[in-house]
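# Coordinate inspection notes
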Amino acid sequence: MKVLLLSINIEKEPYPVYPLGMAMIASALTAAGHEVKQFDYLSMGRLDCKLISAVQVFQPDVVGLSLRNIDNVDSFSGMKHWSLGHARDVVHLLRSHTDAPIIVGGPGYSLMPEAILDYLGADYGIAGEGERAVVELLDRIREMRSGPRIMREQHALITDEICPPMFDKNIIFFYNQESGLVGLQTKRGCPHHCAYCCYPFLEGHVVRTCDPEMVVDDMARLHHDHGIDHIYFTDSVFNDCHGKYLELVLVLVRKNLPVRWSAFFRPTLMSKEEIDLLERSGLQGLEVGSDAGAEATLSGLNKGFSCLDIIDFNEAFITRGKSVAHYFIIGGPGEDEATITETLNNLDRLKRCVAFIYSGIRILPGTTLHARSIDEGVITSSESLLQPVYYHSPLIDREFMHNKVSTALRGRRDRFFPPGEAMERMNVMRRFGYKGLVWDRLISTEIKRQQK
Ligand code: B12
């Protein structure tokens with residue numbers, strides 16, 4: 001069958017992100033014998049006329065829509081970045097130019113599959129990992145068999161079933177120009193139980209690692225064929241607790257590619273030897289899901305590590321000259337005046353790094369935070385979460401908390417509250433030609449300011 005895959009993500013913060021999910025689906029469909037065309041709305045200038053023309057020329061039998069984000073999880077700017085309205089317009093547009101059934105997938109979609117499918121008015125949905133399910137669904141459509149509108153894998157894919165992503169030359173050129181980064185996945189699954197997080201139901205709880213040789217071959221291919229020199233590993237947590245990530249790191253050290261990499265880390269203890277290996281393998285930046293800055297709020301989020309772990313982790317990497325960014329959320333479960341004071345003290349103890357500080361936590365169905373929000377009367381059990389709704393601790397006044405944090409961080413160029421300020425600065429820097437993470441450049445600005 002002829003399948004038009006369409007990534008409708010238009011988010012450019014913190015930088016434009018290559019549509020990796022679409023590339024994985026393109027690969028699985030091609031391997032199953034389908035003819036696939038990938039269309040990336042952002043790199044096509046967000047132009048409806050280009051989409052219409054792609055539909056008219058390609059005449060697809062099926063359209064697959066990849067929905068990465070629904071918002072930006074930032075309570076200060078969430079509605080401005082809400083993308084479901086745009087996605088619905090695109091579905092309407094497609095309907096007026098093709099009779100092909102429309103299938104939706106992607107991490108944003110998978111958060112609320114029923115509600116989003118209804119809202120968009122598409123035909124089918126695939127929640128969670130999509131490679132096997134999309135092939136099965138296309139067989140069903142071709143054979144005109146009936147079945148459920150929404151499919152979800154009953155058995156997580158083994159990593160041998162995951163084909164290398166099919167990168168599109170034109171799309172990759174755009175992202176290399178715009179951000180200088182391309183994502184690659186080295187494993188799926190997250191075994192942790194953070195109170196607010198949806199990762200386990202996007203990728204499952206069981207960690208499944210890809211063959212490290214294949215991942216490094218993909219990196220080499222990206223470098224050789226497309227000139228990519230910075231990879232972002234998109235794993236929920238790169239440093240898995242069983243240390244599987246070290247197998248990949250060893251291959252990276254052995255192959256010694258001229259490619260740097262960055263990833264999400266959990267701030268847990270690593271040995272000096274492990275850090276040496278990471279350094280030698282080309283590690284550039286670490287984004288750390290620290291999330292809370294006080295013992296009580298860390299435990300309210302069920303993080304499983306302490307403030308000291310965060311500080312030690314930071315120290316271990318900044319002393320090697322690595323760039324570290326921490327993500328914090330204030331106003332989570334258990335937040336009160338005392339925990340805010342503790343958080344500000346701990347933020348001060350984190351040297352030579354940036355911190356993005358969000359206020360309130362985006363409530364997502366199926367999380368323990370969702371249940372808690374209902375219990376505490378923050379939302380009702382039937383409340384729609386399609387538009388962003390945030391949990392704020394009832395133990396502290398929001399405005400008081402915001403003022404206290406803003407006042408304490410005033411003048412700092414490495415602490416971003418609200419995080420939108422950093423996004424604006426990074427946008428400007430990118431316009432001046434900066435590439436890669438960009439937040440890493442903000443660290444030196446603050447160090448220079450302190451030296452003055
Ligand atoms: C890595 C990551 C990042 C990195 C990306 C780095 C890079 N260069 O690629 C960074 C840190 C930059 C980032 C930024 C953001 N992110 Co992010 N990110 C992730 C993460 C952990 C992995 C995404 C990924 O690439 N996975 C690997 C690919 C292969 O998987 P996939 O896209 O899910 O695709 C699979 C399926 O979804 C499905 N599928 C995908 N498309 C399609 C299409 C069809 C037709 C079908 C059938 C199936 C299908 O099949 C694929 C293969 O199995 C997810 C959480 C998660 N665990 O999924 C959050 C996540 C996607 N991000 C999220 C958000 C909000 C953001 C930001 C808006 C945050 C911010 N405030 O800045 C920005 C937006 C960036 C942008 N420009 O779009 C949310 C989205 C949900 C929401 N609330 O909207 C998620 C789910 C995390 C969360 N907080 O809940 N992110």
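Residues numbered from 1 in each chain as written. Predicted model: local features only at pLDDT ≥ 70, side-chain atom pairs only at ≥ 80, totals over all residues.

In terms of helices and strands, the protein carries 18 helices and 17 strands. Since a compact globule built from 452 residues should have a radius of gyration of about 22 Å, the 22 Å found for the protein is in line with a globular shape. When burial is assessed residue by residue, the protein has 45% of its 452 residues classed as buried. In the protein, the proportion of contacts linking residues at least 24 apart, taken out of those at least 6 apart, comes to 76%. (Helix = DSSP H or I, 4+ residues; strand = E, 2+ residues; numbered from the N terminus. Rg over C-alpha atoms; globule rule 2.2 N^0.38 Å. Buried ≥ 20, exposed ≤ 12 C-beta atoms within 10 Å, placed from the backbone. Contact = placed C-beta atoms within 7 Å.)

This part is about helix α17 (residues 420-431). Its 12 residues give α17 an end-to-end C-alpha distance of 17 Å, which sits within 8% of 16 Å, the value for a rise of 1.5 Å per residue. For α17, the complete set of buried residues consists of A422, M423 and M426. All buried residues of α17 lie within an arc of 100° about the axis, which places them on one face of the element. What points out from α17, more than 90 degrees from its buried face, is the exposed set E424, V428 and R431. Next to the buried residues of α17 lie β14 (354-359), β17 (415-416) and α18 (439-451). The positive-phi residue at the C-terminal boundary of α17 is G433, with phi of around 100°. (Expected span 1.5 Å × (residues − 1). Arc of directions from axis to C-beta.)

What follows deals with the sheet that holds strand β3 (residues 62-66). What the six strands build is an open sheet, ordered β2-β1-β3-β4-β5-β6; its pairing is parallel. Edge positions in the sheet fall to β2 (35-40) and β6 (150-152), since each of these pairs with one other strand and no more. Here the strands of the sheet are splayed against their neighbours by 20° on average, with no regard to which way each runs. Sheet analysis places strand β5 (residues 124-127) next to β6, joined by three bridges and oriented parallel. Bridge pairing in β6 places G125 opposite I150. Sheet strands in contact with helix α6 (residues 131-142) are β3, β4 (102-105), β5 and β6, and its direction is about 160° off that of β5. (Pairing = 2+ DSSP bridges. Axes fitted to C-alpha atoms, helices over the stretch in contact; angles between N-to-C directions.)

What follows concerns the sheet that holds β17. Reading across the sheet, the seven strands line up as β7-β10-β11-β12-β13-β14-β17 and stay open at both edges, with parallel pairing between neighbours. Of all strands in the sheet, those with a lone pairing partner are β7 (182-184) and β17, marking the two edges. In the sheet, strand β10 (residues 230-233) pairs with strand β11 (residues 260-265) via four bridges, with the strands oriented parallel. Paired with I231 across the strands is W261, a residue of β11. Sitting on the sheet, helix α9 (residues 212-226) touches β7 and β10, and the angle it makes with β7 is about 165°.

Turning our attention to the packing of helix α1 (residues 20-31) against α6. Their axes nearest at 9 Å, the elements α1 and α6 cross at an angle of 50°. With respect to α6, the axis of α1 lies oblique. Crossing of α1 over α6 shows right-handed handedness. Here α1 contributes M24, I25, A28 and L29 to the contact with α6, which in turn contributes E131, V134 and V135. Partitioning the contact of α1 with α6 into residue classes produces six nonpolar, no polar and one charged. (Parallel < 35°, antiparallel > 145°, perpendicular 65-115°, else oblique. Left-handed = near helix turned anticlockwise from the far one by under 90°. Nonpolar A, V, L, I, M, F, W, Y, C, P; charged D, E, K, R; others polar.)

Here we take up the site of the ligand. Taken together, 47 residues form the shell around the ligand, and within it G21, G64, G105, G130 and G183 come nearest. Mapped onto the shell around the ligand, the elements with two or more residues apiece are α1, β3, β4, α4 (107-111), α6 and α8 (199-203). Counted by class, the shell around the ligand contains 21 nonpolar, 15 polar and 11 charged residues. Here the shell around the ligand gathers at least three residues from each of two domains, domain 1 (2-152) and domain 2 (199-451). (Near = placed C-beta within 6 Å. Domains from an automatic or database assignment.)

Turning next to the domain arrangement of the protein. Partitioning the protein into structural domains gives domain 1 (2-152) and domain 2 (199-451). Between the C-alpha centres of domain 1 and domain 2 the distance comes to 28 Å. Facing the 23 residues of domain 1 at the interface are 22 residues of domain 2. Sorting the residues of the side of domain 1 that touches domain 2 by element identifies α4 and α5 (113-120) as the ones contributing at least two each. Looking at the side of domain 1 that touches domain 2, its residues break down into 14 nonpolar, five polar and four charged.

The next subject is the pairing of strand β1 (residues 2-7). Taken across its six residues, β1 has five buried, putting it largely inside the fold. Crossover connection from β1 via α1 to parallel β2: handedness right-handed. Across five bridges, the pairing between β1 and β3 is parallel. Within the sheet, the bridge partner assigned to L4 lies in β3 and is V63. (Right-handed = clockwise from strand over helix to strand, strands pointing away.)

The next thing to look at is unusual backbone geometry. Of note, the bond from E13 into P14 is cis; its omega dihedral lies within 30 degrees of zero at -5°. Relative to the helices and strands, P14 resides in the loop between β1 and α1. Between F417 and P418 the backbone carries a cis peptide bond, its omega angle lying at -5°. One can find P418 in the loop between β17 and α17. Of note, the phi angle at N256 is positive, near 50°, even though the residue is not glycine. With respect to the helices and strands, N256 occurs in the loop between α10 (245-255) and β11. Its identity is not glycine, yet D291 carries a phi of approximately 75°, on the positive side.

As a further point, take the environment of A100. When you line up the elements, A100 lands in the loop between α3 (84-95) and β4. In this structure A100 comes out as buried when scored by C-beta crowding, with 22 C-beta atoms within 10 Å. Separated by 36 residues in the primary sequence, A100 and G64 have C-alpha atoms spaced 9.8 Å apart. Apart from the residues lying within four places of it in its own chain, the contact partners of A100 are P60, D61, V62 and V63.

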